[in-house]
Amino acid sequence: MTAGGLLPVLGATPAHANDEVCRPGSGVAVAFGYTLQPCVYQDSDGVIHAKVTSTGGTTDVRLFVQIGTRYNGGSVAWQDSTLTDSATNAGDHVGFRTTPGTDNVAYSSLVNRFVAAPNTTYYARAYLTDSGTRYGDVEAGPIGAGGTPSDGGSTWTTRGEPTVGKLYYHLGPVQWNCTGTVIAVDLVATAGHCIYNSTGHAFGGPPGLWLNAPSPDRFVPNDNSSGGGVGSWYAQDTGWVTKGWHDYHAADYDFGVYRIKPRSTDGAYIGNVVGTHRWKVSSGVSAASTPTYTVGYPGDYSDPRACNAPATRFNGDNSQLRLSCTFADGASGGPLSDSTGTAYANVGGYEQGGSSSYPSYGVVWNSAFDNLVRYLETGGNTSAGASPDAPSQVDTTAPRVAPNANPALASLPDGTFQTAWHGGDTDNPTGSLWIANGSGTSLNGFSEPNLLGVAAGTSPSIVANPDGSWTAAWHGADSDNPGGSLWLATGVGTTLTSLSEPWKLGVAAGTSPSLAALPGGGWALAWHGADTGNPAGSLWVATGSGTTMDRRLGAGLARG
């Protein structure tokens, strides 16, 4: 979809092994006194490069170099350039402009790379253009047969790729990362579970609880220890997945997209600085295999890791891929590219990329992924619909507060705070109970425990206990009472430890309970009851500890 030519670029010679295959002799005379000598070679990371050297010349022309691929003995497929028949020297900025009388060298772009793959050979081709007319087509090669890394899980440390980077996250003291790919001028693709995930999978919490990940701290393209990156870029507050992932958590939809803000210093967009990774919509892989190059940022390495291993269909599902690659957590979202360097999948899908580092798994970028990208590229002007393909906005900031509700705050003995609020989310029709702790103006973590509903227009109450735990009370959005019941919970941090709905005591519509901590421990609670003793409901008062309410009248449960 975002395919473009391999554009010649100037710069330092890419690192390469001593297996360079060039046009024999001193090159081939082409036109305007120029002689061209193309070469093709594989570097130590398994990446294929083409270069061309031009000598002589009597006029100012454009110099081009391309890579061609031949798979399993088929025909050579030359990577298209963006040059058109109507292009002129004045308007065409694709080719490198030569300087007559000097040696000129151009390389295939480091932005759109080709990668060595099994059963594939590679070629280089060079030509000149002048005022839209093409001269040359001088070829060199092949290399590849027996020279590419073999199948079997060959995973190695690499310098990375300009269009692939590291997404940094943190939640309190916990830090982690995912891998992202620049696929458009302001879009970075990653795994859906990097944006929206189960706490059971991510942190070992309750398995049925799904939460929005925090917004990434930063995205660093080509992040590596040799300083190959171009600085940090920052996501908008919102990440995007499809409804197939958000609502159904289906492995075939484990992909997502962040929109990246322009750089604050000059307003530049990330895709205009580092380029965009070629990608395509895929209908899956054949029953045999697809030559695949994968790169990611596993958390057990400081530098990116790469792997050449054919992707095979997994579990009879065209959208699910198995890779004989070793990738730990952090590689999720990394692109899977075919022998032309075109990404067609990301690490993720089955077991969110794998429950262990080997083997690894991927999910193809199917029509749902294409719909998601098109939706964002058009500013949300396409039809969203209600199918699993439909885009689903995920707010990656802390959840909003429901209308006409107020957060409650309690100070813990260690100087930190605990807060509870009625969330403005969609997991429950009227919003859920949310819990967070923190210090100063920073949250250390937050959770939506057990998706507990809160009645519309009401707010929870929370108190701190001497042992550092907390107790919360709220007006539940449940069906046990027409207007909802009184609920109690205790917990530590953002984890719920006990829960009760004592005697299914009703609470009047639109009202909230109020808790107070008692000096000797325990709590006192007051609320507007939904009872028939008074037409408008009565004042109710109770005392207790934890989630247990005393039954004693007066000191226990009283009505008046």
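An account of the accompanying structure is given in this report. Since this is a predicted model, take the numbers as computed values, not measurements.

Conventions adopted
Residues numbered from 1 in each chain as written. Predicted model: local features only at pLDDT ≥ 70, side-chain atom pairs only at ≥ 80, totals over all residues. Heavy atoms only, no water. Buried < 20%, exposed > 50% of the residue type's maximum accessible area, 1.4 Å probe, protein only. Helix = DSSP H or I, 4+ residues; strand = E, 2+ residues; numbered from the N terminus. Pairing = 2+ DSSP bridges. Salt bridge = Lys/Arg side-chain N within 4 Å of Asp/Glu carboxyl O. Phe/Tyr/Trp six-rings, centres within 6.5 Å; stacked < 30°, edge-to-face > 60°. Disulfide = S-S within 2.5 Å. Polar contact = N/O pair within 3.5 Å; in protein donor to acceptor, adjacent residues only side chain to side chain. Core = buried A, V, L, I, M, F, W, Y, C linked by side-chain atoms within 4.5 Å. Contact = heavy atoms within 4.5 Å. Lys, Arg positive; Asp, Glu negative; His and termini not counted. Axes fitted to C-alpha atoms, helices over the stretch in contact; angles between N-to-C directions.

1. Digging into the pairing of strand 22 (residues 305-308)
- Burial of the side chains of strand 22 extends over both faces: Arg305 and Cys307 are buried on one face and Ala306 and Asn308 on the other.
- Relative to strand 22, strand 21 (residues 293-296) runs antiparallel, the two sharing four bridges. Note that in strand 22 the partner of valine 295 across the bridge is alanine 306.

2. A few points about the pattern of salt bridges
- Under the defined criterion, the tally for this structure stands at six salt bridges.
- With a closest N to O distance of 2.9 Å, aspartate 137 and arginine 134 form a salt bridge.
- For aspartate 137, a relative accessible area of 35% gives the class partly exposed.
- Assessed through its relative accessible area of 40%, arginine 134 is described here as partly exposed.
- One salt bridge connects aspartate 186 with arginine 259, and the closest N-O pair in it is separated by 3.0 Å.

3. Considerations on the packing of aromatic side chains
- Considering all chains together, one arrives at 13 aromatic pairs under this definition.
- Ring geometry for phenylalanine 64 and tyrosine 127: centres 5.0 Å apart, planes at 5°, overall stacked. Placement of the pair is phenylalanine 64 in strand 5 (residues 62-71) and tyrosine 127 in strand 10 (residues 120-130), with a sequence separation of 63 residues. Tyrosine 127 carries the same exposure label as phenylalanine 64, and that label is buried.

4. A few points about the state of the cysteines
- Within this structure, the stated rule accounts for two disulfides.
- Each sulfur in the disulfide pair cysteine 178 and cysteine 194 lies 2.1 Å from the other. Where cysteine 178 bonds to cysteine 194 through sulfur, the torsion about that S-S bond is close to -95°, and the disulfide is left-handed. Of this pair, cysteine 178 sits in strand 14 (residues 174-184) while cysteine 194 is found in the loop between strand 15 (187-190) and strand 16 (196-198), placing the two residues 16 residues apart along the sequence.

5. Focus on helix 4 (residues 367-377)
- Ala368, Phe369, Asp370, Leu372, Val373, Tyr375 and Leu376 are the residues of helix 4 that are buried.
- Of the residues that open helix 4, the one with a side-chain oxygen 3.0 Å from the backbone nitrogen of alanine 368 is asparagine 366.

6. Topic: the nonpolar core
- Grouped together as the largest cluster of nonpolar side chains are 37 residues, with contacts concentrated most on Ile183, Trp365 and Phe369.
- Ranked by residues supplied to this core, first place goes to helix 4 with six residues.
- Not counting the four nearest positions on each side in its chain, tryptophan 365 is found in contact with Ile183, Ala189, Phe255, Trp279, Lys280, Val281, Ser282, Ala343, Tyr344, Ala345 and Asn346.
- Formed by 17 residues, the second largest nonpolar core is a distinct cluster that contains Tyr34, Ile48, Leu63 and Ala124.

7. A word on the side chain of lysine 166
- By the element assignment, lysine 166 lies in strand 13 (residues 164-171).
- Lacking a salt bridge, the buried lysine 166 has aspartate 223 as its closest oppositely charged neighbour, with an N-O distance of 4.8 Å.
- Dropping the residues within four chain positions of it, lysine 166 is found in contact with Asn177, Cys178, Arg218, Phe219, Val220, Asp223 and Tyr297.

8. Topic: unusual backbone geometry
- The backbone of asparagine 404 shows a phi angle near 60°, a positive value even though the residue is not glycine.
- Note that asparagine 404 resides in the loop between strand 28 (391-395) and strand 29 (408-411).
- Its relative accessible area of 70% is what places asparagine 404 among the exposed residues.
- One non-glycine residue, tryptophan 503, lies in the positive phi region at around 55°.
- The topology assignment puts tryptophan 503 in the loop between strand 36 (495-500) and strand 37 (514-517).

9. Structural notes on the sheet that holds strand 36
- Judged by pairing direction, the sheet is antiparallel, and its four strands sit side by side in the order 33-34-35-36 without closing on themselves. Looking at strand neighbours, the two that pair on one side only are strand 33 (461-464) and strand 36, the edges of this open sheet. When the angles between neighbouring strand axes are averaged without regard to direction, this sheet yields 20°.
- By the bridge criterion, six bridges tie strand 34 (residues 470-475) to strand 35 (residues 486-492) in an arrangement that is antiparallel. Bridging from a neighbouring strand, threonine 471 pairs with threonine 490 of strand 35.

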